[in-house]
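Breakdown of the fold
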Amino acid sequence: MKNLGLPEHIRACLFDLDGVITKTAVVHAAAWKEMFDEFLRRRDGADFRPFTPDDYDRYVDGLPRADGVRSFLASRGIELPEGADGDPEDKDTVHGLGNRKNTLVLAKIRTDGVEPYEGTLRYVRDARERGLRTAVVSSSANCRDILRSVHAEDLFEVRIDGIVAAERRLPGKPRPDTFLAAAHDLDVDPADSAVFEDALAGMDAGRSGHFGYVVGLDRVGQTDALRAHGADIVVKDLADLGTDA
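Ordered in space as E3-E2-E1-E4-E5-E6, the six strands form an open sheet in which the pairing is parallel. The strands lining the two open edges of the sheet, one partner per strand, are strand E3 (158-160) and strand E6 (233-235). This sheet shows a mean twist of 20 degrees between the axes of neighbouring strands, independent of strand direction. Sheet topology note: the strand E4 (residues 193-197)/strand E5 (residues 213-217) ladder contains four bridges and is parallel. The residue of E5 that forms the bridge with Glu-197 is Gly-216. Along the sheet face, helix H9 (residues 200-208) touches E4 and E5 and points at about 175 degrees away from the line of E5.

This is the structure:
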């Protein structure tokens, strides 16, 4: 049986979705870029400054959709009206841009499908075999459908996603509230829970929530940044965490 590479007191594992369980982070990054580049090109003309991978990592990755829109626009000194949840995609409001991004990401998922990280799924199964509690914590409103598409929904006892967070009025990452809610629903103290994240905002949430262990997944070559934001350990894949025993 696999040694999970966690401190002995850990009783629960709290997993992010995009970039940890599924390979959807790259899909989200592409959708954010397409949406923001369309907006910036329309606003600034041919000389617009495109949305970059660094912009994604610093301002958008791991954040709820509207927070990501606000964060990136603020980095460019742009202010837009908030608008409302149901704003049309062509309306230049925070929610309008966010809705456009969501349409783009869903279209990309329908076209290309969703692929899981098999190392993560094996790790989750090993954790459950050892009696650890498991939860998925994601800012995505599409979390449940994505888990079902990779036949992984039943691996997680608790799901705190964008829909649940809105219902409970939980602020998103980098605040720790969604991870804290998952630990609460599992009836496990945060100090006895491990957070698994690939986003810098997720590292911040793990650190500020005083969780017992924070595992950073480095999918894009940002090991130093993950450590600086609170990771106790950084691995390329969960297959690399622990050893066979």
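Moving on from the model shown.
So, about the pairing of strand E2 (residues 133-137). For E2, the tally of buried residues reaches four of five residues, placing the bulk of the element in the interior. Pairing geometry for strand E1 (residues 12-15) and E2, over four bridges, is parallel. The residue of E2 that forms the bridge with Leu-14 is Ala-135. The sheet contact formed by E2 and E3 spans three bridges and is parallel. Looking at E3, one finds that Ala-135 is bridged to Val-158. Remark: the E2/helix H6 (residues 143-149)/E3 crossover connection has right-handed handedness.

Turning our attention to helix H8 (residues 177-186). When we look at burial in H8, the residues that qualify are Thr-178, Phe-179, Ala-181, Ala-182, Ala-183 and Leu-186. Packed against the buried residues of H8 are E1, E2, E3, helix H7 (162-168), E4 and H9. Once H8 ends, the next one or two residues include Asp-187, with phi positive near 60 degrees.

Moving on to the packing of helix H1 (residues 25-44) against helix H4 (residues 94-112). Contact geometry for H1 and H4: axes closest at 9 Å, N-to-C directions at 135 degrees. The orientation of H1 with respect to H4, classified from their angle, is oblique. The handedness of the crossing between H1 and H4 is right-handed. Contacts between H1 and H4 pair Val-27, His-28, Ala-30, Ala-31, Trp-32, Glu-34, Met-35, Phe-36, Glu-38 and Phe-39 from the former with Leu-97, Arg-100, Lys-101, Leu-104, Val-105, Lys-108 and Ile-109 from the latter. Considered class by class, the residues forming the contact of H1 with H4 number 11 nonpolar, one polar and five charged.

Rules used throughout
- Residues numbered from 1 in each chain as written.
- Predicted model: local features only at pLDDT ≥ 70, side-chain atom pairs only at ≥ 80, totals over all residues.
- Heavy atoms only, no water.
- Pairing = 2+ DSSP bridges.
- Helix = DSSP H or I, 4+ residues; strand = E, 2+ residues; numbered from the N terminus.
- Axes fitted to C-alpha atoms, helices over the stretch in contact; angles between N-to-C directions.
- Contact = heavy atoms within 4.5 Å.
- Buried < 20%, exposed > 50% of the residue type's maximum accessible area, 1.4 Å probe, protein only.
- Right-handed = clockwise from strand over helix to strand, strands pointing away.
- Parallel < 35°, antiparallel > 145°, perpendicular 65-115°, else oblique.
- Left-handed = near helix turned anticlockwise from the far one by under 90°.
- Nonpolar A, V, L, I, M, F, W, Y, C, P; charged D, E, K, R; others polar.

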